[in-house]
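# Coordinate inspection notes
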Amino acid sequence: MDDTRAAKPSAAAYRNLAVATVGFTLTFWAWALVAPLGSDFKDRLGLSSFEQSLLVAVPVIVGSLGRVPVGALTDRYGARLMFPLVSALTIVPVLLIIPARNSYAAMLAVGFLLGLGGTTFAIGIPLVNSWFPPARRGFALGVFGMGMGGVALSGYFTPRIADHGDHLPFIVVAIALAAFALLAAVLITDRPDRPVPTSALTTRLGRAGRLRVTWELSALYAIGFGGIVAFGVYLPTYLKTWYDLSPTEAGTKAAGFALVTVVFRPIGGWLSDRLHPATVTSYALAVVALFAVMQAFDPALYPMGTLCFLAMAAGLGTASGSVFALVSQVTPQPQVGSVTGIVGAVGGLGGFVPPLVMGAIYSAKDSYSIGFMLLSDLALAGCVYAYGRMRNAKAV
C-alpha cells in the first residue's frame, strides 16, 4: 500500500464526500417522488393494488439497471462530469410528472425516466472510494450512503408540500436539483491519480461480471439495500391498507423507518472498519430475519409492530453499509465503479420485486404475512452465506 493511500484523508476528500452525499440525497428524493403520493394516484386514476405497486416500482427498476452503465461511465469519465450531468438530467422527468399525473400510461413513462435519479449511487461510491484510504473507507462510504435518506425526506415532506399545491413538490425538487448541479460542477473533483480505464465499456462490464465476488456481493446487497428500497416505496401503502393510517401518518412513519436505515448505514461502515464487514453483515441480517417473522404474525402497530419495523430498519441499514465496505475491500480500484454499478443494480432490483409481490399477495390473500416470511427466509440465507463464505473472500 503506498503512503498516499494510507495517509489521513485530505480536506478535498471530505469536501467531495459532503457534496456527493448532498447530491445523492436530492436525487434519491427525486427518485422516490411517486411513492409518497401513491395513494393519491390510486384514488385519482382508479388503480388496483398491483397497478399502484407497479407505478411506484418502475423508477426503482430503471434506476437500478441504469447504475450498471453509469458506474462504468464514472470509471471512465469521472464523477466531476457525471454527477452534475445526471443531476441536471433528472430535472426533466421531475417536471414531466405535472402534465402526466392524470394518465396512468403517462405516469409509467415518466416513472421510467425518473429512474435516472437512482443511478447517482454508482457515481458517488467510486468517487468516495478513491479519496479515502482503506482504514477510513468503510465509514466514509457509510456516510455517503446516508444520502438514501432522500427517501425519508420524500416520504415526510412530499405529501406535506403537496398540501400547499398539487404541483409544488415537483417544482421544489427541480429547483433543488438545478442548484446542486451548479454546485457539483464547481466543487466535485476527481482524485488526480485515480486510474482511468482505457478499455471499452462492454469489456470492463464483462470483466466485472466475471468476478465471483460481484455476484456474491450483489445477492447480499439485494437483501440489505433492496429491503430498504422495498420498504421505502411500499411501506406507506402497507401502513395505510393494513393499519388504516391516513396518507400523511403513513408517510411520516415510513420516513421514520427510512431515517433509522440512514443512521445505521454509517454505523455498519464504522463497524466494518473494526470488524470484518462480512461478520457485521451476517449479524445485521440475523436481526432482520428475526423481526420479519414477528411482523408476519400481524402484531398491533403499538408497540410491537413499531418495534419490528425499527429493528428491521436498523438491520437493513447496517447491512447495506457493511456490504459496500466489503466491496471496497475485495474489488480492484480500477473496477470499483463497474462492480458498484452491477452490485447497486441488483440491490435496487431487490427493491423492485417485493412491492409487486406484496401487492399481488394482498390482492389474492388479503394478508401480508407471506411476504414477511419470505423476507425472513432471504435474510437468514444471507446471514449464513455472509458468515460462512464472505469472511474468506479476497481481491483478485
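Residues numbered from 1 in each chain as written. Predicted model: local features only at pLDDT ≥ 70, side-chain atom pairs only at ≥ 80, totals over all residues. Heavy atoms only, no water.

This paragraph deals with the nonpolar core. In this structure, Val94, Leu217, Phe231, Tyr238, Leu239, Phe309 and Phe372 are the most contacted members of the largest nonpolar core, which totals 119 residues. When near neighbours in sequence (up to four residues on either side) are disregarded, Leu217 contacts Val323, Leu326, Val327, Val330, Val343 and Met390. (Core = buried A, V, L, I, M, F, W, Y, C linked by side-chain atoms within 4.5 Å. Buried < 20%, exposed > 50% of the residue type's maximum accessible area, 1.4 Å probe, protein only. Contact = heavy atoms within 4.5 Å.)

Moving on, we come to unusual backbone geometry. What you tend to see is this: most non-glycine residues have negative phi, and most peptide bonds are trans. Residue Pro303 is reached from Tyr302 by a cis peptide bond, and omega for that bond is -5°. Locating Pro303 in the fold gives a position in helix 15 (residues 301-330). Non-glycine residue Asp298 carries a positive phi angle of around 55°. Position of Asp298 relative to the elements: it lies in the loop between helix 14 (277-296) and helix 15. (Helix = DSSP H or I, 4+ residues; strand = E, 2+ residues; numbered from the N terminus.)

The next point concerns helix 10 (residues 168-187). With 20 residues, helix 10 should cover 28 Å at 1.5 Å per step; its first-to-last C-alpha distance of 28 Å lies within 8% of that length. If you check which residues of helix 10 are buried, you get Pro169, Phe170, Val173, Ala174, Leu177, Phe180, Ala181 and Ala184. One side of helix 10 carries all its buried residues, which in axial view fall inside an arc of 130°. Exposed residues on helix 10 whose side chains face more than 90 degrees from its buried face are Ile175, Leu182 and Val186. Looking at the buried residues of helix 10, the elements they touch are helix 2 (11-31), helix 5 (79-100) and helix 9 (150-162). (Expected span 1.5 Å × (residues − 1). Arc of directions from axis to C-beta.)

Since the α-helix advances by 3.6 residues per turn, residues separated by three or four positions end up pointing in the same direction. With 20 residues, helix 17 (residues 369-388) extends 29 Å between its outermost C-alpha atoms, agreeing within 8% with the 28 Å of an ideal straight helix rising 1.5 Å per residue. By the burial criterion, the buried members of helix 17 are Ser369, Gly371, Phe372, Leu375, Ser376, Ala379, Gly382, Cys383 and Ala386. When helix 17 is viewed along its axis, its buried side chains cluster within an angular range of 155° and face the same direction. Those residues of helix 17 that are exposed and angled more than 90 degrees off the buried face are Leu378 and Val384.

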